[in-house]
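Survey of secondary and tertiary structure
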Number of protein chains: 2
Amino acid sequence: MAALLDTERARVNAALAAVAEEAVEDAPAALGDPMRYALATPGKRIRPVLCVSAWRAFRPGAAPDAVYRLAAAVEIVHTYSLVHDDLPCMDDDPLRRGRPTVHTVYGAAQAMLTGAALIPAAVRVLDHAAASLRLEAATRGALVVELCRAGGAEGMVGGQLLDLEGEGRPLGADRLERIHRLKTGALLASALRLGALAAGARGAALDAVSRYGRHLGLAFQIVDDVLDVVGDDASLGKTAGKDESAGKTTYPALFGLDGAQALASSEISAALAALRDGGVRSDELEALARYVLERTH
Amino acid sequence: MAALLDTERARVNAALAAVAEEAVEDAPAALGDPMRYALATPGKRIRPVLCVSAWRAFRPGAAPDAVYRLAAAVEIVHTYSLVHDDLPCMDDDPLRRGRPTVHTVYGAAQAMLTGAALIPAAVRVLDHAAASLRLEAATRGALVVELCRAGGAEGMVGGQLLDLEGEGRPLGADRLERIHRLKTGALLASALRLGALAAGARGAALDAVSRYGRHLGLAFQIVDDVLDVVGDDASLGKTAGKDESAGKTTYPALFGLDGAQALASSEISAALAALRDGGVRSDELEALARYVLERTH
């Protein structure tokens, strides 16, 4: 799995660099520079890797470059959310993965505009990649609507707002789950759906991938909470223990470390069952589910 | 013209209210409320009115509701830019059109998220309206790409960043024109192109509408600069004299009031000539061009 992840990340990073140039091509340099800087933030690339693996679940073999560019569109949306999350009016983080955040280098107003500019850029990259794959125009439209839904008010941004609202006060398990389903789960599940849709999956198979994605997304977030408690700064690439000092309710706080780990494990079982029940066979998606559970950073 | 504008604005406002409900339907209330509040900001609605008029230039007669919803998508993008422009890290404006700004009511982080959530919402509203009009899937894709280009790094956001960069230092006429072509002109011209594209315009006719839009957009901004000097707060619905106190270079500062007015007038002549040369006959677009020149608020 580690070898596959390394290879896939390298291809995702190459695609991301290529679409970053495409996205800033006609932008003034003062905006193109921070956009390029934001898109070069190192990351696990878990969303685009899932997107490509979902494609391959229906189209076995090497995926064409355009699939990686399509997957990169999801990472652009993720990146914009990080740029905004780090701003002084949000988490006020000077560093991300050991690297000065966009507003630290370019200023808060510039970082806000940079984040906002990444949203339409992601839509265009997605549509362009879909055109390169010669997908039917109707499918291309469906992909754009899917990404906008996941990255919008009823998905990621809705989750960010609920998260903000919940800081500094105790939350119940239902509320915590809702926040994470929206904030992290929606885009992660969408990455999988986009790959599957582009590969031609429909009906029960597409539903199975969606359910897999929702369970995987929640497990991913629970593990993130656990790592925030047990991890160290160096391997996490961010400050450990941040959740507690920010007064955030977390899974370990609600269920204890073992309880949280057990919950993550049961979500992963549900994710794998969803694939099985939908008749989707993919060694890669199964391995990725185990990776999400066992990752240490 | 005043009567047409009033009627059209009423229909645009009704469409905007309808699509606002559609956009916040599945959003958490904590995000849906500020989104709805932002979209209810009063405004001239010049962009959507232009969009519908461009449609009617090719499809005379009453436009269906879906055309107004399509036009409302452009106003959603414009609205997001206002929400972000008003933020403390940008212009720090407590009021817009006499009404507390989004961040004044809901907080800065919430307003930033609200603005960001409006971008994918606009894309979905546009795609949905295009589907209601039974446009071909390829045209629907072209509309989405058009709006994202105009509202993105090589359009509006690029212009906002150049504007920010230029504050407090003297700019030449070329630089000022570039800022305005991007910041205001791109979305205004795009509103026209979207209406024309949806109505089936292609080739020389579409180019003519684009050129009309670019000249109109620049004239609109020059008149804005003039009104900032000669207007009063009450009729403008904002603080007059703001440009000078913000240290912004303006057309009147560069060319004097008469010089700026003459420039606006020549842009309007060029806009009308573009329509004529492209064989586009539209009393409405001609009247709107004169309105842009003669408006007092």
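Quick note: structure is the one above.
Everything in this summary refers to the structure shown in the same document. (Residues numbered from 1 in each chain as written. Chains lettered and ligands numbered in written order. Predicted model: local features only at pLDDT ≥ 70, side-chain atom pairs only at ≥ 80, totals over all residues.)

**Quick word on the overall build of chain A**
Broken down by element type, chain A carries 14 helices and 2 strands. Taken over the C-alpha trace, chain A has a radius of gyration of 18 Å; the compact-globule value for 297 residues is 19 Å, and the two agree within 12%. With the principal axes as the frame, chain A shows a C-alpha extent of 50 × 50 × 35 Å. Going through the 297 residues of chain A one by one, you find that 54% of them count as buried. Summarising the internal contacts of chain A: among those between residues at least 6 apart in sequence, 73% fall at separations of at least 24. (Helix = DSSP H or I, 4+ residues; strand = E, 2+ residues; numbered from the N terminus. Rg over C-alpha atoms; globule rule 2.2 N^0.38 Å. Buried ≥ 20, exposed ≤ 12 C-beta atoms within 10 Å, placed from the backbone. Contact = placed C-beta atoms within 7 Å.)

**Some words on the relation of the copies chain B and chain A**
Here the second copy of the chain follows from the first by a rotation about an axis and a shift along it. Between the two copies, chain B and chain A, the superposition gives an RMSD of 0.0 Å; the rotation angle is 180° and the shift along the axis is 0.0 Å. Such a turn and shift between the copies fits a two-fold axis. Across chain B, the rotation axis passes nearest the C-alpha of Ala137 of chain B, at a separation of 2.5 Å. Comparing contact sets, 100% of the residues at the interface of chain B also lie at the interface in chain A, consistent with an isologous, same-surface contact. (Least-squares fit on C-alpha atoms with pLDDT ≥ 70 in both.)

**Quick look at the interface of chain B and chain A**
Tallying the contact residues gives 45 residues for chain B and 45 residues for chain A. Among the secondary structure elements, those contributing two or more residues to the side of chain B that touches chain A are helix H1 (2–24), helix H2 (29–39), helix H6 (108–132), helix H7 (137–150) and helix H8 (156–166) of chain B. Of all the elements, H6 of chain B adds the most residues to the side of chain B that touches chain A, at 14 residues. Split into classes, the residues belonging to the side of chain B that touches chain A amount to 29 nonpolar, 9 polar and 7 charged. (Nonpolar A, V, L, I, M, F, W, Y, C, P; charged D, E, K, R; others polar.)

**So, the packing of helix H9 (residues 173–198) of chain A against helix H10 (residues 203–230) of chain A**
All names here are of chain A. It is the contact of H9 with H10, at a shortest axis distance of 7 Å, that shows an interaxial angle of 140°. Considering their axes alone, H9 and H10 lie oblique with respect to each other. For the pair H9 and H10, the crossing hand works out as right-handed. Facing H9, whose interface residues are Glu177, His180, Arg181, Thr184, Gly185, Leu188, Ala189, Leu192, Arg193, Ala196 and Leu197, H10 presents Leu206, Val209, Ser210, Tyr212, Gly213, Arg214, Leu216, Gly217, Leu218, Phe220 and Gln221. Here the contact of H9 with H10 is composed, by residue class, of 11 nonpolar, 7 polar and 4 charged. (Axes fitted to C-alpha atoms, helices over the stretch in contact; angles between N-to-C directions. Parallel < 35°, antiparallel > 145°, perpendicular 65-115°, else oblique. Left-handed = near helix turned anticlockwise from the far one by under 90°.)

**A word on the nonpolar core**
One finds Leu147 of chain A together with Leu147 of chain B to be the most contacted residues of the largest nonpolar core, which totals 205 residues. Ignoring anything within four residues of it in the chain, the contact list for Leu147 of chain B reads Ala73, Val74, Val77, Ala122, Val123, Leu126, Ser190 and Leu194 of chain B. (Core = buried A, V, L, I, M, F, W, Y, C linked by C-beta atoms within 7 Å.)

**Comments concerning the packing of H1 of chain B against helix H3 (residues 46–58) of chain B**
All names here are of chain B. Contact geometry for H1 and H3: axes closest at 10 Å, N-to-C directions at 105°. Relative to H3, H1 is oriented roughly perpendicular. Two secondary-structure elements touch here, H1 through Leu5, Glu8, Arg9 and Val12 and H3 through Pro48, Val49 and Val52. When its residues are assigned to classes, the contact of H1 with H3 shows 5 nonpolar, no polar and 2 charged.

**Things to note about helix H4 (residues 65–85) of chain B**
Counted at 1.5 Å a residue, the expected span for H4 of chain B with its 21 residues is 30 Å, and the 30 Å between its end C-alpha atoms agrees. Burial within H4 of chain B is extensive, with 18 of its 21 residues counted as buried. (Expected span 1.5 Å × (residues − 1).)

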